[in-house]
Amino acid sequence: ASADGRALTSMLSDSVHPNAVGAYLVGKALAAALAPIAFTRAPLISSNADVYSVSALSKNRLSNPLMVNSGGTLGAGVTSASGGTTGIAQGWQAARTGAATAVVSLVDRTVADDGDALGKKQRIAATGTADGETVTLSLITGVTPFAAGDVIYSDFIFSVNSASNVKYILANLVCATSIGNFTIWHNAGSANGYPNAQAPFSGVVRTRDFKVPGGAGVTGVNLSVVVAFAGVGNATIDVSRVRVATA
């Protein structure tokens, strides 16, 4: 706010409503105020062995949740900063549309930068050349096993370190079943709005719960993060400590 308590015009879209920067700052303040009374799930995943395939006691179904193992898949126009597929986490893939490009790397989480040293961050430095081009990080194969009646959610640490001329950043958790696909969660920002260079985002993303309908066979749950450009631009995003689990 300004010195006299009025909203800054740079934080407003129409002299009344907040723009993306203003909404981010308002949301951040509200989140801090509500945190002491808000319901919280289990702490974020902290072990690469906390996987159902290792122990039936684990509610997490996603392998390599701390992204410590490399060897995923790179599409055309995507390269690894360290060569080969060493820069993309095992089980994940990065792809682009149009003439967009991206450089991927697996960066150690550190106490100084991240508050902990648990695993690695999947970093994507994306560059767009035209309106509508995208760069996407997604799971290669849908996560299993899930069954009818299961309550599914995902949480992970997500950050945007810099962005320019970004149309939107969209994240999807899609449950594919025998009776159709269900989008569990998505988040899209408006043109050049979410997030941008003036309001880099860093925090925990948690989806809403989704209960698999009765009689539906689950073939897989896929998580993806899409960066779309409005023209020539760039964005650097980090994804880490990812879980796809039953509540």
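Residues numbered from 1 in each chain as written. Predicted model: local features only at pLDDT ≥ 70, side-chain atom pairs only at ≥ 80, totals over all residues. Heavy atoms only, no water.

Asks: Mind showing me how you'd approach a nonpolar patch on the surface here?
Replies: Side chains of Val26, Leu30, Leu34 and Ile37 sit close together on the surface and give an oily, nonpolar patch of about 410 Å² of accessible area. Inspection of the secondary structure assignment puts Leu34 in helix H1 (residues 20-34). For Leu34, a relative accessible area of 47% puts it in the partly exposed group. (Patch = residues over 30% accessible without salt bridge, like charges linked within 9 Å, V, L, I, M, F, W, Y side chains within 5 Å. Areas by Shrake-Rupley, 256 points an atom, 1.4 Å probe, with all protein chains shown as cover. Salt bridge = Lys/Arg side-chain N within 4 Å of Asp/Glu carboxyl O. Helix = DSSP H or I, 4+ residues; strand = E, 2+ residues; numbered from the N terminus. Buried < 20%, exposed > 50% of the residue type's maximum accessible area, 1.4 Å probe, protein only.)

Asks: Sorry, what's going on with the packing of aromatic side chains here?
Replies: By the definition in use, this model includes two aromatic pairs. Arranged with centres 6.4 Å apart and planes meeting at 85°, the rings of Phe156 and Phe158 form a pair that is edge-to-face. A ring pair is formed by Phe182 and Phe210, whose centres lie 5.4 Å apart and whose planes are at 40°; its orientation type is tilted. A residue pair is termed long-range when its members are at least 10 positions apart, and Phe182 in strand E7 (residues 180-187) and Phe210 in strand E9 (residues 210-211) qualify at 28 residues. Relative accessible area serves as the criterion here: at 25%, Phe182 is assigned to the partly exposed category. The buried category is assigned to Phe210, whose relative accessible area is 9%. A cation over an aromatic ring shows up here: Arg61 above the ring of Tyr52, its NZ or CZ 4.0 Å from the ring centre. (Phe/Tyr/Trp six-rings, centres within 6.5 Å; stacked < 30°, edge-to-face > 60°. Lys NZ or Arg CZ within 6 Å of the ring centre and 35° of its normal.)

Asks: Help me understand the nonpolar core in this model?
Replies: One broad trend across soluble globular proteins is that nonpolar side chains are buried collectively. The biggest cluster of nonpolar side chains holds 45 residues, and the ones touching the most others in it are Trp92, Phe158 and Val221. Elements with a contribution of two residues or more to this core: strand E3 (92-96), strand E4 (101-108), strand E5 (120-139), strand E6 (151-177), strand E8 (201-206) and strand E10 (218-246). No other element matches E10, which puts eleven residues into this core. Setting aside its immediate chain neighbours within four residues, Phe158 contacts Ile169, Phe201, Ser202, Gly203, Val205, Val225, Ile237, Asp238 and Val239. (Core = buried A, V, L, I, M, F, W, Y, C linked by side-chain atoms within 4.5 Å. Contact = heavy atoms within 4.5 Å.)

Asks: Would you explain the side chain of Arg241 in this entry?
Replies: In this structure, Arg241 sits in strand E10. Of the polar contacts made by the side chain of Arg241, one reaches the backbone oxygen of Ile45; its length is 2.8 Å. Aside from chain neighbours lying at most four places away, what touches Arg241 is Leu44, Ile45, Ser46, Pro65, Leu66, Arg109, Asp116, Leu118, Asp155, Phe156 and Ile157. (Polar contact = N/O pair within 3.5 Å; in protein donor to acceptor, adjacent residues only side chain to side chain.)

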